[in-house]
Structures are given as C-alpha cells and as structure tokens.
Amino acid sequence: MKRIAIVGGGVIGLATAYFLRKQNHEVILIDKGVPGQGCSRGNMGWICPSLSHPVPAPGLVGQSMKWMLNRKGPLYVKPSAVPHLTPWLLEFTKYCTEDAFKRGTKAMIDLCSTAFTLFDGLEEDGVAIEMHRNGILKVFLQESEVEESALEHSLSAQNGFPKPELITSEKLQNMEPNLSPKLACGLYYPMERHVRPESLSKGLSAWLQANGATIKHHTEIAKVIKSYDRVEAIQSATESIEADIFLMATGAWSAMLGDHFGMSIPITAGKGYSITISEPTITFRQPIYFGSDGGITPFNGALRMGGTMELSGINTDIDQKRVQNIRRSLEKYVRYEIKGQDELVWTGMRPMTPDGLPMLGRAPHLSNAYIAAGHAMEGITMSLSTGKVMGDMINGDTPALDLTPFAPSRFKKLA
C-alpha cells in the first residue's frame, strides 16, 4: 500500500482517487477550495466518446481568425491576453492539420472507449449520481452543415462506434417538439449519455470519505520539497504533507503548480459559460448540440445552456455580453423562450493543451510525481477512463492502452 497525495479535487482528481482507493492505497485529496467546485461543476455533463476529438482541427485557424477578436463570437481572445498567449497559440496552430486531428481523435477515442463500462461500475459501487442514457442529438440549420462532421464520423466509425442516425426535419419535431421547425436536420447518437456533473463530484467525494480517503479543503500548495529526483513533501500555509507518490490533477491551474514542481506545463485556460435554469418552462429528452453556438442539457428539474470559448487567462469574471450571446444563439434553435424559477450563471476554466490531448503520465525528471490534466471540454467523458489508467500506472500495473500520445514529455518548453 502506498501513500498518495492528489493535488486537485476536480473530476479527474476525484476519479483517480476513487480507483486508487479501490486498490487499497492511502489517498489524500487536496483542493484549494472545495472538490468539484471548479470546472467540474457547471459544465454540460456529456459522456460522449464517439464525439470526442481534439479542439485543434483542420480549417480552424482561418475560422478562428474571424472569431477571435469578436467579443460576440464563439471563440474570443481578449486582446490584453494575447502577448502571454502567443507562444501557446502558435503551438496550437501546428496541430490544426488533418493528420494531427486523425491521430488525436484516435488517441482520445481509445482512452474513453471504456467510459460507459466504468460509469456502470460507478453505479454498481453505490456512487450516487444523476445519469441519463438518452443519447445526444446534433442539429443543423442547413443540410450542408452535416458534411462538416463527415471526418469526425469517419474516424469514430473506424474506431468502433456506430455512425449516427440522420434525422429529418419532420422527425426532429417528433423527437423534440420544442425545437424550432426551421431546423434542416439532425444527427442522433443513441449510445451517448449525460450526467449532472455536480452529482458526479458530490457522489465521488461522498464515496471517498465513506471508504477511508482523506479530503483536505481550502488547502493551497505554497511549496514543494524535493530531494534529487523525488518529491518529499508539499507544503500549504499550515502543514506539510508527505507521501510516496504525488499527482497533479489541477486542470487549468496546472501551469502555476508545475512551477513548484520544476515543470513547464503548456496548459492555458479556455473559459466557458453556462446558464442553469431550475424548473424550466420547456425541456428536452436528451442533450442537444448546436455546433459553435453551444448546446443544452436537461437534468432532473433543470436545464443547462452553455457554450463559448474565451482565452483571457485564469479569472472568474462574468462577461454578461458573452452570457447574453449564449441566449441569443440558442434562439435560432428552439421554438419558445426558455424561462424558469431561478437562473444560475457560471463560468469555468477548461484546461487546454496546444494539441488538444490531456497530459497523462509521470512528470519528466521526477520519479514519484505524475500529472493528469488538460482534458479541455472532454473532462466528464474521460474522467473515469483517466482515473483508471492513472490508477493502474501509479499502482505499478501496465495500463490497458498505449499512453504515448498523452506523455507529458511530448511538449518542449514554451517560452
């Protein structure tokens, strides 16, 4: 049995802690706030392996240039953040090729191919979560837009997932009467699921506490004590925490924590927004994806609207213009205005790597430190799969898939 300190209480840290505790290791989970209250809380909650692909994609550079300085666009780069982001953005553009997209998509699908089985296992272990098995629907304003998804569908089929079902405009109205009749068509992915992310974090936290793990709230790392190639301890303002193995699962904050570990971690924050409406006046059967305009997710007694990508550094400032843009964008897709009892506006920091793949593995130059971060918008989908492979690796077992595409050492220092 090893003593393992996990820094970061988002869904990746929680999932890894869950698998390590199942292997009877002593687990200490450390979070600078409350576990599950960061990017893991207000996202859309989709479990969608067949829709997984890297953010950098063919043709994205040209499209992004049109969007990035438009505050109302789906991708916005804050001008004041450009000097700091330039090295990362230049590296990002290198992966906006078809070859890189194909390689990245295969790696991501390989990683999360076990997602459904692992989520079933979570329920079998008594982890209380709100999970739905109703598929995911992608809708289009123009039939020509379907072709833009052709490469993704081809790669998904090559990796074992069935092709989605083409849904006519008439059938869309039968499936989801609250969608706009002006929609041209849709694609239905029947295998996909969704979970209320708050329930996943809460359920994992409760299971860990009930099964002997230690969870430290409001504990921020101030210093890392190293001896040669080993980490001996991490220090907060009030205590020193020793362990045999240390794992960084700190999402968008990984670059800052990496400095303490002597690592250069090229992860930046991609801010997203959501609006959660309780007791909505209209609802839907399954999550619906509106492409670059965002999407909606139904939960028990609630509906969540979300989208946009903002590169402005780590901050929790709410840009009301971008929030209103989510509302305006969705008006094109739904028949009626969505109202409810209460509305909660949220923003979260998605952890973005230049190639769109997470960093999973042992930290370079350190024999007992690991990193699991950089899942962008696929954190829920990849959470349990990541937790399983990281748990196997830390336990000394050989993971079930080749993790070379995710190796932390694949990036040179970005200065």
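Here goes a summary of the coordinates provided.

So, how was this worked out
- Residues numbered from 1 in each chain as written.
- Predicted model: local features only at pLDDT ≥ 70, side-chain atom pairs only at ≥ 80, totals over all residues.
- Heavy atoms only, no water.
- Pairing = 2+ DSSP bridges.
- Helix = DSSP H or I, 4+ residues; strand = E, 2+ residues; numbered from the N terminus.
- Buried < 20%, exposed > 50% of the residue type's maximum accessible area, 1.4 Å probe, protein only.
- Contact = heavy atoms within 4.5 Å.
- Salt bridge = Lys/Arg side-chain N within 4 Å of Asp/Glu carboxyl O.
- 1 Å grid on protein atoms, 1.4 Å probe; cavity = no way out; pocket = protein on both sides within 12 Å on 5 of 7 lines; lining within 4 Å.
- Points joined across faces, edges and corners; volume = space filled by probe spheres on them.
- Nonpolar A, V, L, I, M, F, W, Y, C, P; charged D, E, K, R; others polar.
- Axes fitted to C-alpha atoms, helices over the stretch in contact; angles between N-to-C directions.
- Parallel < 35°, antiparallel > 145°, perpendicular 65-115°, else oblique.
- Phe/Tyr/Trp six-rings, centres within 6.5 Å; stacked < 30°, edge-to-face > 60°.
- Polar contact = N/O pair within 3.5 Å; in protein donor to acceptor, adjacent residues only side chain to side chain.
- Disulfide = S-S within 2.5 Å.
- Core = buried A, V, L, I, M, F, W, Y, C linked by side-chain atoms within 4.5 Å.

1. Structural notes on the pairing of strand E20 (residues 359-362)
Then, in step 1: Of the strand pairs in this sheet, E20 and strand E21 (residues 369-373) are connected by 4 bridges, and their pairing is antiparallel. Across the sheet, residue Gly-361 finds its bridge partner in E21, namely Ile-371.

2. Regarding the environment of Val-146
Then, in step 1: Residue placement: Val-146 occurs in the loop between strand E6 (136-140) and helix H6 (150-158).
Then, in step 2: Looking at Val-146, the relative accessible area reads 15%, which means it is buried.
Then, in step 3: When the C-alpha atoms of Val-146 and Ala-184 are compared, they prove to be 9.9 Å apart, with 38 residues separating the residues in sequence.

3. Some points on the environment of Ala-81
Then, in step 1: Within the element layout of this structure, Ala-81 appears in the loop between strand E4 (75-77) and helix H3 (82-93).
Then, in step 2: What makes Ala-81 buried here is its relative accessible area of 11%.
Then, in step 3: In the structure, Ala-81 is positioned 30 residues away from Leu-111 in sequence and 32 Å away in space, judged by C-alpha atoms.
Then, in step 4: In this view, Ala-81 contacts Leu-311 and Ser-312; residues no more than four positions away in its chain are not counted.

4. Regarding the pattern of salt bridges
Then, in step 1: Evaluated as defined, the whole model comprises 18 salt bridges.
Then, in step 2: For Lys-22, the salt bridge is made with Asp-125, and the minimal N-O distance between the two is 2.7 Å. Separated by 103 residues along the polypeptide, Lys-22 in helix H1 (residues 11-22) and Asp-125 in the loop between helix H5 (115-124) and strand E5 (131-132) bring together distant segments of the chain.
Then, in step 3: Classification of Lys-22 as partly exposed rests on a relative accessible area of 40%.
Then, in step 4: Across the salt bridge formed by Arg-193 and Asp-120, the nearest N and O atoms sit 2.9 Å from each other. Here Arg-193 is found in strand E9 (residues 193-195), whereas its partner Asp-120 is found in helix H5, with 73 residues between them in sequence.
Then, in step 5: You can call Arg-193 buried: its relative accessible area is 8%.
Then, in step 6: Judged by its relative accessible area of 26%, Asp-120 falls in the partly exposed class.
Then, in step 7: In this structure, a network of salt bridges that share partners links the residues Asp-120, Glu-123, Arg-133 and Arg-193.

5. Some points on empty space enclosed by the protein
Then, in step 1: Going through the model one piece at a time under the given rule, you end up with 2 cavities of 30 Å³ or more.
Then, in step 2: The computed volume of the largest cavity comes to approximately 50 Å³.
Then, in step 3: In terms of lining, the largest cavity is formed by Ser-50, Phe-161, Pro-162, Lys-163, Pro-164, Tyr-189, Pro-190, Met-191 and Glu-192.
Then, in step 4: Its residues placed into classes, the lining of the largest cavity shows 6 nonpolar, 1 polar and 2 charged.
Then, in step 5: When its volume is computed, the second largest cavity comes out at roughly 40 Å³.

6. Notes on the sheet that holds strand E3 (residues 46-47)
Then, in step 1: If you walk across this open sheet you meet the 3 strands as E3-E9-E5, and the pairing is antiparallel. A strand with exactly one partner marks an edge of an open sheet, and here the two such strands are E3 and E5.
Then, in step 2: By the bridge criterion, 2 bridges tie E5 to E9 in an arrangement that is antiparallel. Bridge pairing links His-132 to His-194 in E9.

7. Comments concerning the packing of H5 against helix H11 (residues 379-395)
Then, in step 1: Viewed as axis vectors pointing N to C, H5 and H11 meet at an angle of 80°, and their least axial separation amounts to 9 Å. Relative to H11, the element H5 is oriented roughly perpendicular. Of the residues in H11, those touching H5 at Ala-115, Leu-118, Phe-119 and Leu-122 are Ile-380, Thr-381, Ser-383, Leu-384, Ser-385 and Lys-388.
Then, in step 2: Residues of the contact of H5 with H11, tallied by class, amount to 6 nonpolar, 3 polar and 1 charged.

8. Considering the packing of aromatic side chains
Then, in step 1: Scanning all chains against the criterion turns up 5 aromatic pairs.
Then, in step 2: Residues Tyr-18 and Trp-207 carry aromatic rings whose centres are separated by 4.8 Å and whose planes lie at 70° to one another, so their mutual orientation is edge-to-face. With Tyr-18 in helix H1 and Trp-207 in helix H8 (residues 197-210), this pair connects stretches of sequence that are 189 residues apart.
Then, in step 3: Here Tyr-18 falls in the buried class, since its relative accessible area comes to 2%.
Then, in step 4: On the numbers, 4.3 Å between centres and 20° between planes, the contact of Phe-290 with Tyr-333 is stacked. With a gap of 43 residues between them, Phe-290 in the loop between strand E16 (288-289) and strand E17 (295-299) and Tyr-333 in the loop between helix H10 (320-331) and strand E19 (342-352) connect regions that are remote in the sequence.

9. Details of the sheet that holds E20
Then, in step 1: In space, the 6 strands of this open sheet follow the order E10-E2-E1-E14-E21-E20, with mixed pairing throughout. Taken across any chain shown, the strands that pair with only one partner, and hence form the sheet edges, are strand E10 (214-216) and E20. With strand direction ignored, the average angle separating the axes of adjacent strands in the sheet is 15°.

10. Observations concerning the side chain of His-194
Then, in step 1: Following the sequence through the fold, His-194 ends up in strand E9.
Then, in step 2: In this structure His-194 comes out as buried when scored by relative accessible area, which is 1%.
Then, in step 3: Among the polar contacts made by the side chain of His-194, one reaches the main-chain carbonyl oxygen of Pro-298 at a distance of 2.8 Å.
Then, in step 4: In contact with His-194, not counting residues within four places along its chain, are Gly-45, Trp-46, Ile-47, Glu-130, Met-131, His-132, Pro-287, Thr-297, Pro-298 and Phe-299.

11. Here we look at the state of the cysteines
Then, in step 1: The full count for this structure, using the stated rule, is 0 disulfides.
Then, in step 2: In this structure Cys-48 is not part of a disulfide, and its nearest cysteine sulfur, from Cys-112, lies 7.9 Å away.

12. A few points about the nonpolar core
Then, in step 1: In this structure, Ile-6, Ile-47, Phe-119, Leu-122, Ile-129, Leu-200 and Leu-208 are the most contacted members of the largest nonpolar core, which totals 49 residues.
Then, in step 2: Among the elements that take part in this core, H1 stands out by supplying 8 residues, more than any other.
Then, in step 3: The contact partners of Phe-119, leaving out residues within four places of it in the chain, are Ile-47, Ile-129, Met-131, Arg-193, Leu-200, Ile-380, Ser-383 and Leu-384.
Then, in step 4: Judged by nonpolar contacts, the second largest core, of 24 residues, contains Ile-241, Leu-257, Ile-371 and Phe-411.

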